[in-house]
Amino acid sequence: MTKKNGFKLTYVEVRNPRPEADGSYACHPCYVGVTTSEKEVAESIRRNVWANTPQLQASLAAIRELTVEQLLCNRPVRVGDLFIVRPRLRLRRHKDAQGRLVSRKYGVGEPIPADDIEFCGLSVRATRSLEAEVGSLVTGCVRLDTVPPVPANRSGEPLARALQLCAEEGYCTVRSLHYALGVSLYKSRKLLESFCRGEHAPLVGSRAGRVMVYRAV
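If you're wondering where the values come from, they're calculated on a predicted model, not measured in any experiment.

Visitor: Explain the side chain of Thr173 to me, using residue names and the numbers behind them.
Guide: You can see Thr173 is positioned in the loop between α4 (158-169) and α5 (174-181). When residues no more than four places from it in sequence are discounted, the contact partners of Thr173 are Phe7, Ser188, Leu192 and Met212.

Visitor: How would you sum up a nonpolar patch on the surface? Please name residues and give values.
Guide: Taken together, the side chains of Leu89, Phe119, Leu122 and Val124 make up a nonpolar region of the molecular surface, amounting to roughly 430 Å² of accessible area. Here the nonpolar patch gets three residues from one element, more than from any other, and that element is strand β7 (residues 117-126). Here Phe119 lies in strand β7.

Visitor: Now, about the sheet that holds strand β8 (residues 138-143): what can you tell me, with residues and values included?
Guide: Strand order in this open sheet of three strands is β2-β1-β8, and the pairing throughout is mixed. With one partner strand each, in any of the chains shown, β2 (27-31) and β8 form the two edges of the open sheet. Neighbour-to-neighbour, the strand axes of this sheet turn through a mean angle of 40 degrees, independent of strand direction. Two strands pair when backbone bridges link them, and strand β1 (residues 7-15) and β8 are joined in this way by five bridges, in the parallel orientation. Counterpart to Tyr11 in the pairing with β8 is Arg143. The sheet strands contacting helix α3 (residues 128-137) are β1 and β8, and the helix crosses β8 at an angle near 70 degrees.

Visitor: Can you explain the nonpolar core? Please cite residues and give values.
Guide: Ranked by size, the top nonpolar core spans 15 residues in total, and within it Ala162, Cys172, Leu177, Leu192, Phe195 and Leu203 carry the most contacts. Those elements that place two or more of their residues in this core are α4, α5 and α6 (185-195). Apart from residues no more than four positions distant in its own chain, Leu192 is found in contact with Ala162, Cys172, Thr173, Val174, Leu177, Leu203 and Tyr214. In terms of nonpolar packing, the next biggest core, distinct from the first, is built from five residues, Phe7, Leu137, Tyr171 and Ala208 among them.

Visitor: Break down the packing of α4 against α5 for me, with residues and values.
Guide: Contact geometry of α4 with α5 gives a least axis separation of 10 Å together with a crossing angle of 120 degrees. On the basis of the axis angle, α4 is oblique to α5. Considering only the axes of α4 and α5, their crossing is right-handed. Contacts from Pro158, Arg161, Ala162 and Leu165 in α4 reach Ser176, Leu177, Ala180 and Leu181 in α5.

Visitor: How would you sum up the pattern of salt bridges? Please name residues and give values.
Guide: A side chain of one charge can pair with a side chain of the opposite charge when the charged atoms of the two come close. Taken as a whole and judged by the stated rule, the model has five salt bridges. Of the charged contacts in the structure, one is a salt bridge between Arg92 and Glu118, with a shortest N-O distance of 3.4 Å. You can see Arg92 sitting in the loop between β4 (83-91) and β5 (93-95) and its partner Glu118 sitting in strand β7, a full 26 residues away along the chain. For Arg92, a relative accessible area of 34% gives the class partly exposed.

So, how was this worked out
- Residues numbered from 1 in each chain as written.
- Predicted model: local features only at pLDDT ≥ 70, side-chain atom pairs only at ≥ 80, totals over all residues.
- Heavy atoms only, no water.
- Helix = DSSP H or I, 4+ residues; strand = E, 2+ residues; numbered from the N terminus.
- Contact = heavy atoms within 4.5 Å.
- Patch = residues over 30% accessible without salt bridge, like charges linked within 9 Å, V, L, I, M, F, W, Y side chains within 5 Å.
- Areas by Shrake-Rupley, 256 points an atom, 1.4 Å probe, with all protein chains shown as cover.
- Salt bridge = Lys/Arg side-chain N within 4 Å of Asp/Glu carboxyl O.
- Pairing = 2+ DSSP bridges.
- Axes fitted to C-alpha atoms, helices over the stretch in contact; angles between N-to-C directions.
- Core = buried A, V, L, I, M, F, W, Y, C linked by side-chain atoms within 4.5 Å.
- Buried < 20%, exposed > 50% of the residue type's maximum accessible area, 1.4 Å probe, protein only.
- Parallel < 35°, antiparallel > 145°, perpendicular 65-115°, else oblique.
- Left-handed = near helix turned anticlockwise from the far one by under 90°.

In short, shape yes, function no, at least from these values alone.
Here it is, written out as structure tokens:
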């Protein structure tokens, strides 16, 4: 896939919480996007593996139950070839003479007492193969003026908007049309699929990794 037709990640600038030595604030890039819902994930799985909703819900519940069980047995859990879940630990915080919460300092070779450590959440890390697959398809980034909300459905020709996206980015995806039209991901997928049907279809779809990409004919 060329850089022109590759996938680009959307981002905005976010100010660092702490000032620099001269009092100014630096910024760092932060990825932004609308999270895919559990319902959308379940619908995608249902279409690809021909499983009904109760079976999907039972499978997801079983994965969750097993993950909790194994983590409590001190065993990190690898979920498919997607990610690895493990507990995160940190030093407990205690109030100092000024009433501030601080952690005690321990040097190299100094044992840390078990009662001075606490659970502070879970670490979910993608597998190397998943990172490599996504990384091979991403060819750049696109700066957004603001974090993109999901807009209300606007009037207009969906095909014209899809063709405009193809002209601007070189391709169109279900998610990009979802943002552009303000329709659901399911509706966006159905529209793009319909644009690829017929003898003189205006779009042609192809798979890039696990993502469907649509381009103008």
